[in-house]
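What the coordinates show
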Amino acid sequence: MSIIDPHYRSVQQLLKNASFSIDEYQREYKWEKRNVDELLDDLCAKFWSCYRPGDETPKVAEYQGYFLGSIIVSKRGGKSYLVDGQQRVTSLTLLLIYLYRRAIDMSLPVRSQIEPLIFSDSYGQPKFNLDIPEREPVIRALFEDQPFNRDGHDESIQTMHARYGDILERDLQGELEGAFTHFIYWLLGNVGLIEIATDNDTYAYAIFETMNDRGRPLSPVDMLKAFLLAPIGDAATRRSVNQGWKREVHELVSWGGEQDAERDSACIKAWLRAQHAESTRERKAGASDRDWELIGSAFHRWMRDVADRVGIGRDRANIRLMSEEFPFFAKVYKTILAASRDYTRGLEAVYYNAHNEFTWQNTVLLAPLDLADDDDTVRSKLAATATYVDIWLMRRAVNYIRVGYSSTAYAMFLLCRDIRRKPLKELVTLLKAKLEADDVSFDGAPSRGRRGIDGLGLNQFSRRYIYHMLARLTAYSETQSGRPDLFDQYVDRERTNACDIEHIWADDYDRFKSLFPTREEFYAARDHVAALLLLPADVNRSLQDRDYTDKVGVYARQNLYAASLSGDAYEHQPQFRSFRERSGMPFKPYLTFGRAEQAERAALVKTLAKEIWSPDRLDSILD
């Protein structure tokens with residue numbers, strides 16, 4: 001007789017010296033950045049609600065736990081196969097690898113407790129506890145902190161590598177600071193899930209189907225709908241409103257030709273935060289969740305609790321919210337999604353922020369909207385707010401200021417509150433004033449440890465933003481010279497022969513010892529944004545470590561930003577020459593490229609950046 005054995009297990013109990021496989025017909029690992037962000041945000045919120053400064057590490061045992069849900073495991077042939085739970089277990093493994101690497105860097109004793117949750121010894125044979133052979137290379141590379149090129153690998157491997165990058169960017173170590181070790185112990189011992197194990201595949205899949213197909217609990221969207229419909233007394237009106245709500249939800253879930261069961265919930269969270277959140281959790285340990293956080297975790301309960309403040313609870317108000325307000329914001333939300341996916345004239349800034357994976361954009365862009373706004377006003381408000389976010393975001397990125405989900409949540413709450421339902425002209429004036437008062441700039445602030453573009457070099461944090469910046473510099477140089485705007489092509493990593501970052505300096509310190517006293521100085525210069533270009537992958541590979549004098553002729557045949565290093569651009573590109581003259585941009589050709597030339601190129605990058613990300617862009621939206 002088959003046994004069904006459910007047990008609650010902490011992360012440590014579940015994964016220590018364990019081994020999980022998946023069947024080859026299982027779906028790919030598909031978690032998106034927002035899923036990882038939500039998991040980390042929930043974990044941190046629960047941890048901070050328990051932690052008190054000065055707590056000794058043993059105190060963590062008394063902290064409240066966090067429930068990750070359930071997984072279903074089929075045990076056969078000495079292995080445990082994940083029937084349900086692959087996404088969570090994989091994501092948890094990526095988080096543990098990050099914590100393990102940081103614990104090693106910080107020489108924390110807890111690293112010895114993390115390692116057997118990722119990697120174990122089975123009768124002398126080392127193996128990873130996520131025992132999926134085709135995914136082993138990426139897990140090993142992350143575990144050993146080695147470079148890994150995900151190009152050409154299957155979807156799961158590419159997604160795992162990308163999600164680990166998101167965890168790195170989140171920088172929990174920096175976010176948690178002195179509480180980092182406490183968080184690790186809390187995660188291992190106080191976070192858990194229910195493992196439902198059976199030795200029969202048929203039972204395992206029957207459990208999976210029962211949990212997912214029968215008696216499925218109502219979603220927060222369903223519960224919100226039920227709460228809003230309840231006061232509507234007229235049956236025909238209630239039926240009509242219900243049908244309209246269902247239609248909007250269906251269009252959200254199926255938008256873009258790809259089903260996403262959480263898109264309706266994401267839209268409602270964005271709408272309610274943008275338009276109705278009046279408070280947020282205080283930025284101190286032990287603080288309670290307020291509007292901003294409660295909407296994110298249980299918006300259906302939040303709406304019930306603040307019904308009087310939001311002005312709902314009676315039939316007419318609820319009808320208006322369901323039949324007018326929700327459709328209005330759902331329509332705009334889909335416009336934002338479309339502009340995030342497709343480079344759209346007039347809404348280019350929405351695409352820029354999406355490329356930088358700024359997850360708060362969909363929320364912030366809804367804040368200044370008013371139900372009375374016509375389509376043109378809506379688009380102008382979207383453009384203005386997205387432009388502000390673009391400038392605000394890039395100023396911080398070049399100064400190595402974290403711009404992830406958690407680190408910007410408070411700033412985005414304040415922004416939503418300040419710009420909520422503002423008329424267009426007032427909105428533009430307010431956003432410009434905010435940028436003018438901003439203490440973060442491309443010039444940096446050396447006294448505060450910020451070097452701006454002068455200190456911007458290629459590393460794990462900055463690679464994404466430098467790639468984005470190079471594409472913007474390139475596209476701007478070309479559009480100002482009468483060429484089409486190819487930004488979306490420059491950043492499209494899926495297209496054939498996609499662009500790569502090219503180093504002007506060859507990777508050979510010995511050649512440049514006379515210019516750089518130390519190896520460190522050379523590589524800092526080589527990785528500086530002023531010594532980088534974007535080139536098609538095949539061109540980039542063909543140049544390898546050739547000298548600048550050999551490469552500059554190839555640059556002359558590429559995009560204008562690269563070609564500007566060559567004299568040919570000034571002789572044979574009259575529109576580029578005209579752009580240079582009227583703008584005063586310090587473009588110059590170089591026969592050789594040394595430290596003085598790079599310093600001049602750095603001045604060009606800063607001048608271009610200040611123009612591209614100028615607050616004056618907002619004025620054009622009113623024209």
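Heads up: these notes are all about the structure in this document. Just so you know, these numbers come straight off a predicted model, no measurement behind them. (Residues numbered from 1 in each chain as written. Predicted model: local features only at pLDDT ≥ 70, side-chain atom pairs only at ≥ 80, totals over all residues. Heavy atoms only, no water.)

1. Points about the pairing of strand 4 (residues 79–84)
- In terms of burial, strand 4 is a largely internal element, five of the six residues being buried.
- Direction of pairing for strand 2 (residues 20–21) relative to strand 4: parallel, over a ladder of two bridges. Along strand 4, the bridge assignment pairs serine 21 with tyrosine 81.
- By the bridge criterion, five bridges tie strand 3 (residues 66–76) to strand 4 in an arrangement that is antiparallel. Paired with serine 74 across the two strands is tyrosine 81, which belongs to strand 4. (Buried < 20%, exposed > 50% of the residue type's maximum accessible area, 1.4 Å probe, protein only. Helix = DSSP H or I, 4+ residues; strand = E, 2+ residues; numbered from the N terminus. Pairing = 2+ DSSP bridges.)

2. Describing the side chain of asparagine 559
- For asparagine 559, the position within the fold is in the loop between helix 25 (548–555) and helix 26 (560–563).
- There is a polar contact of 2.8 Å between the side chain of asparagine 559 and the backbone oxygen of leucine 534. (Polar contact = N/O pair within 3.5 Å; in protein donor to acceptor, adjacent residues only side chain to side chain.)

3. Section: the pattern of salt bridges
- Going through the model one piece at a time under the given rule, you end up with 46 salt bridges.
- In this structure, a network of salt bridges that share partners links the residues Arg163, Asp166, Glu169, Glu357 and Arg464. (Salt bridge = Lys/Arg side-chain N within 4 Å of Asp/Glu carboxyl O.)

4. Some details on the packing of helix 2 (residues 33–50) against helix 6 (residues 155–170)
- Helix 6 packs onto helix 2 with a crossing angle of 40° between their chain directions and a minimal axis gap of 9 Å. Accordingly, the angle class assigned to the pair helix 2 and helix 6 is oblique. For helix 2 against helix 6, the interelement crossing comes out right-handed. Counting all contacts with helix 2, which are made through Lys33, Val36, Asp37, Leu40, Asp41 and Cys44, the residues of helix 6 involved are Arg163, Asp166, Ile167 and Arg170. (Axes fitted to C-alpha atoms, helices over the stretch in contact; angles between N-to-C directions. Parallel < 35°, antiparallel > 145°, perpendicular 65-115°, else oblique. Left-handed = near helix turned anticlockwise from the far one by under 90°. Contact = heavy atoms within 4.5 Å.)

5. Quick word on the packing of aromatic side chains
- The full count for this structure, using the stated rule, is 44 aromatic pairs.
- Note on tryptophan 505 and phenylalanine 593: the rings are 5.8 Å apart at their centroids and 70° apart in plane angle, and the pair reads as edge-to-face. Placement of the pair is tryptophan 505 in the loop between strand 8 (499–503) and helix 23 (519–526) and phenylalanine 593 in the loop between helix 28 (574–583) and helix 29 (595–612), with a sequence separation of 88 residues. Judged on exposure class, the residue tryptophan 505 and its partner phenylalanine 593 are both buried.
- Ring geometry for tyrosine 590 against phenylalanine 593: centres 6.2 Å apart, planes inclined by 80°, an arrangement best described as edge-to-face. Per residue, the accessibility class of tyrosine 590 equals that of phenylalanine 593, and both read buried.
- Joined through ring pairs, the aromatic side chains of Trp505, Tyr509, Phe512, Phe516, Phe522, Tyr523, Tyr548, Tyr555, Tyr590 and Phe593 make up one cluster.
- Above the plane of the ring of tyrosine 352 lies arginine 472, whose end atom (NZ or CZ) is 3.5 Å from the centre. (Phe/Tyr/Trp six-rings, centres within 6.5 Å; stacked < 30°, edge-to-face > 60°. Lys NZ or Arg CZ within 6 Å of the ring centre and 35° of its normal.)

6. Description of the layout of surface pockets
- In this structure, the second largest pocket encloses a volume near 840 Å³.
- Around the second largest pocket sit 25 residues that line it, and Glu348, Tyr352, Asp485, Arg617 and Ser620 are the ones nearest its centre. (1 Å grid on protein atoms, 1.4 Å probe; cavity = no way out; pocket = protein on both sides within 12 Å on 5 of 7 lines; lining within 4 Å. Points joined across faces, edges and corners; volume = space filled by probe spheres on them.)

7. Things to note about the side chain of aspartate 373
- By the element assignment, aspartate 373 lies in the loop between helix 17 (361–364) and helix 18 (375–397).
- According to the relative accessible area criterion, aspartate 373 is buried, its value standing at 15%.
- Of note is the side chain of aspartate 373, whose polar atom sits 2.8 Å from the backbone nitrogen of aspartate 370.

8. Thoughts on helix 8 (residues 180–190)
- The buried count for helix 8 comes to eight of 11 residues, which makes it a mostly enclosed element.
- Every buried residue of helix 8 is listed here: Phe180, His182, Phe183, Ile184, Trp186, Leu187, Leu188 and Asn190.

9. Quick notes on unusual backbone geometry
- The phi dihedral of aspartate 171 is positive, around 55°, even though this residue is not glycine.
- Inspection of the secondary structure puts aspartate 171 in the loop between helix 6 and helix 7 (172–176).
- Phi at tyrosine 400 takes a positive value of approximately 60°, unusual for a residue other than glycine.
- As for its placement among the helices and strands, tyrosine 400 is situated in the loop between helix 18 and helix 19 (409–419).
- Using a relative accessible area of 31% as the deciding quantity, one classes tyrosine 400 as partly exposed.

10. Considerations on the environment of phenylalanine 47
- Looking at the element boundaries, phenylalanine 47 is found in helix 2.
- We classify phenylalanine 47 as buried; its relative accessible area is 0%.
- Residues phenylalanine 47 and valine 191 lie 144 residues apart in sequence; the distance between their C-alpha atoms is 9.9 Å.
- If we ignore the near neighbours within four places in the chain, the residues touching phenylalanine 47 are Tyr63, Leu176, Ala179, His182, Phe183 and Trp186.

11. Side note on empty space enclosed by the protein
- Per the stated rule, a full pass over the model turns up four cavities of 30 Å³ or more.
- Estimates place the volume of the largest cavity at around 40 Å³.
- Lining the largest cavity we find Lys33, Glu169, Asn356, Glu357, Phe358, Thr359, Val403, Gly404, Tyr405 and Tyr465.
- Class assignment of the residues belonging to the lining of the largest cavity gives a composition of four nonpolar, three polar and three charged. (Nonpolar A, V, L, I, M, F, W, Y, C, P; charged D, E, K, R; others polar.)

12. Regarding helix 20 (residues 424–437)
- Look at helix 20: 20 Å from first C-alpha to last across 14 residues, which is about the 20 Å you get at 1.5 Å a residue.
- Within helix 20 the residues assigned to the buried category are Leu424, Leu427, Val428, Leu431, Lys432 and Leu435. Within helix 20, the buried residues cover an arc of 125° as seen down the axis, which keeps them to one side. Counted as exposed and oriented over 90 degrees from the buried face of helix 20: Lys425, Thr429, Glu436 and Ala437. (Expected span 1.5 Å × (residues − 1). Arc of directions from axis to C-beta.)

13. Quick look at the nonpolar core
- Ranked by size, the top nonpolar core spans 138 residues in total, and within it Leu366 and Met469 carry the most contacts.
- In this view, methionine 469 contacts Met394, Val398, Phe442, Ile453, Leu456, Val529, Val605, Ala609 and Trp613; residues no more than four positions away in its chain are not counted.
- Judged by nonpolar contacts, the second largest core, of 64 residues, contains Cys50, Ile71, Ala141 and Tyr164. (Core = buried A, V, L, I, M, F, W, Y, C linked by side-chain atoms within 4.5 Å.)

14. Re the environment of isoleucine 132
- You can see isoleucine 132 is positioned in the loop between strand 6 (125–128) and helix 5 (136–143).
- With a relative accessible area of 4%, isoleucine 132 lands in the buried category.
- Taking C-alpha positions, isoleucine 132 is 7.9 Å from phenylalanine 20, a pair spaced 112 residues apart along the chain.
- Those residues in contact with isoleucine 132 that lie beyond four places of it in its chain are Phe20 and Ile22.

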